[in-house]
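Descriptive analysis of the structure
Read off the chains here:
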Amino acid sequence: MFELKDYQKKALAALDTFFGKLRAMGLEAAWQYCAPVQEKNGQTWQAQYDTSVLGDIPAVCIRIPTGGGKTFLAAHAVAKVGKSFRDTAAPVTLWLVPSDAIRSQTLASLTTPRHPCRAALTEHFGDRVGACALDDLPTVGPQEVGQSAILIVATIQSFNVRDKSIRTVYSFDESLAPHFQGLTPQTEARLDRVTGADIAVQPYLSSADLGRVKASLANWLTLHQPIVVVDEAHNNRTDQAFRTLRDLHPACLIELTATPVTGSNVLFHVGAQALAREDMIKLPIVLIEHPTGWQDAVRDAIL
């Protein structure tokens, strides 16, 4: 078994505590209880929670250096947050990555037997777990939801568009229709419906479908209010990206990045020294001062 590093255990404990308090106390009180204290020039203060991008949707960030095992950590975090916040042993998770190359790599790590990331999922869920690409979501049957942990790996670009009629993820897909039976009015209110723009690009729809709840990949996710994991989150912090995420009505969002930007609610920070203590950094690291000035140093670094 691939063991969690000490800093990974502490990061998971921070997530577990925050989401447990969130469920019991609400967002503001949970953040005040859990937010790290910052210190500079002898002054200490607690970071304020930023609601400007996702409103009341809980969104926190684990700051972890490159090479710190973000995917392995996130695989464990899905189970932790599923239990402490969603009260389920079979959560739905949308796992967003910045590129197709990383999507393929992440999906392989979550599906390959004996891979540490797959082993992490198996440790928590046993055989009741499935990971798939967004395009393969129609193969997931209604009976699997709530019985197995379901992880959908995709890029933010799959959702990030102003005109929803031109993206497959927002298109009507009849194979998903069984998931949308017996909905309550409260649930239906969150879901997109068929519009004239949809009929224009999907000729098998007719005017009789106008206003019908759209059986789409995006609506499937909205229906199940997933835990959203965002890898390398700083690459996706645009207004359009976060409007996209808000539209999916996720239960919560967990960012994992080495370089959080303004607005990231950093719940736990892993320093480089923590990785060094766990032999996660190839040593020695040798630094020298460039003798002829910073311009030459930048040029040589690029070369």
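Now for a quick tour of the structure. Since the structure is predicted, the reported quantities are computational estimates derived from the model, not experimental observations.

Cut-offs applied
Residues numbered from 1 in each chain as written. Predicted model: local features only at pLDDT ≥ 70, side-chain atom pairs only at ≥ 80, totals over all residues. Heavy atoms only, no water. Helix = DSSP H or I, 4+ residues; strand = E, 2+ residues; numbered from the N terminus. Buried < 20%, exposed > 50% of the residue type's maximum accessible area, 1.4 Å probe, protein only. Contact = heavy atoms within 4.5 Å. Areas by Shrake-Rupley, 256 points an atom, 1.4 Å probe, with all protein chains shown as cover. Lys, Arg positive; Asp, Glu negative; His and termini not counted. Charge placed at Lys NZ, Arg CZ, Asp CG, Glu CD. Phe/Tyr/Trp six-rings, centres within 6.5 Å; stacked < 30°, edge-to-face > 60°. Lys NZ or Arg CZ within 6 Å of the ring centre and 35° of its normal.

1. With respect to the overall build of the protein
- Secondary structure assignment for the protein yields eleven helices and nine strands.
- Along the first, second and third principal axes, the C-alpha atoms of the protein reach 75 × 45 × 40 Å.
- Looking at the protein residue by residue over its 303 residues, the buried ones come to 47%.
- Sequence separation of at least 24 residues holds for 72% of the intrachain contacts in the protein that already meet a minimum separation of 6.
- With an accessible surface of roughly 15500 Å², the protein has 51% of that area assigned to carbon and sulfur atoms.
- Looking at the protein, you have 28 positive and 31 negative side-chain charges, and the mean spots of the two groups are 3 Å apart.

2. Observations regarding the side chain of Ser109
- Residue position: Ser109 is located in helix H4 (residues 100–111).
- Setting aside anything within four residues of it in sequence, one finds Ser109 in contact with Thr71, His115, Cys117 and Arg118.

3. Remarks on the environment of Arg277
- Locating Arg277 in the fold gives a position in helix H10 (residues 272–277).
- Among the residues examined, Arg277 registers a relative accessible area of 64% and is labelled exposed.
- It is 9.7 Å that separates the C-alpha atoms of Arg277 and Lys5, two residues lying 272 residues apart in sequence.

4. With respect to the packing of aromatic side chains
- By the definition in use, this model includes five aromatic pairs.
- Residues Phe19 and Phe85 carry aromatic rings whose centres are separated by 5.4 Å and whose planes lie at 45° to one another, so their mutual orientation is tilted. On the criterion of sequence distance, the pair formed by Phe19 in helix H1 (residues 6–25) and Phe85 in the loop between helix H3 (70–84) and strand S4 (92–97) is long-range, its members being 66 residues apart. The same class applies to Phe19 and to Phe85, which are both buried.
- Aromatic rings pair up to connect Phe18, Phe19, Trp31, Tyr49 and Phe85 into one cluster.
- Over the ring of Tyr33 we find Lys21, and its NZ or CZ is 4.4 Å from the ring centre.

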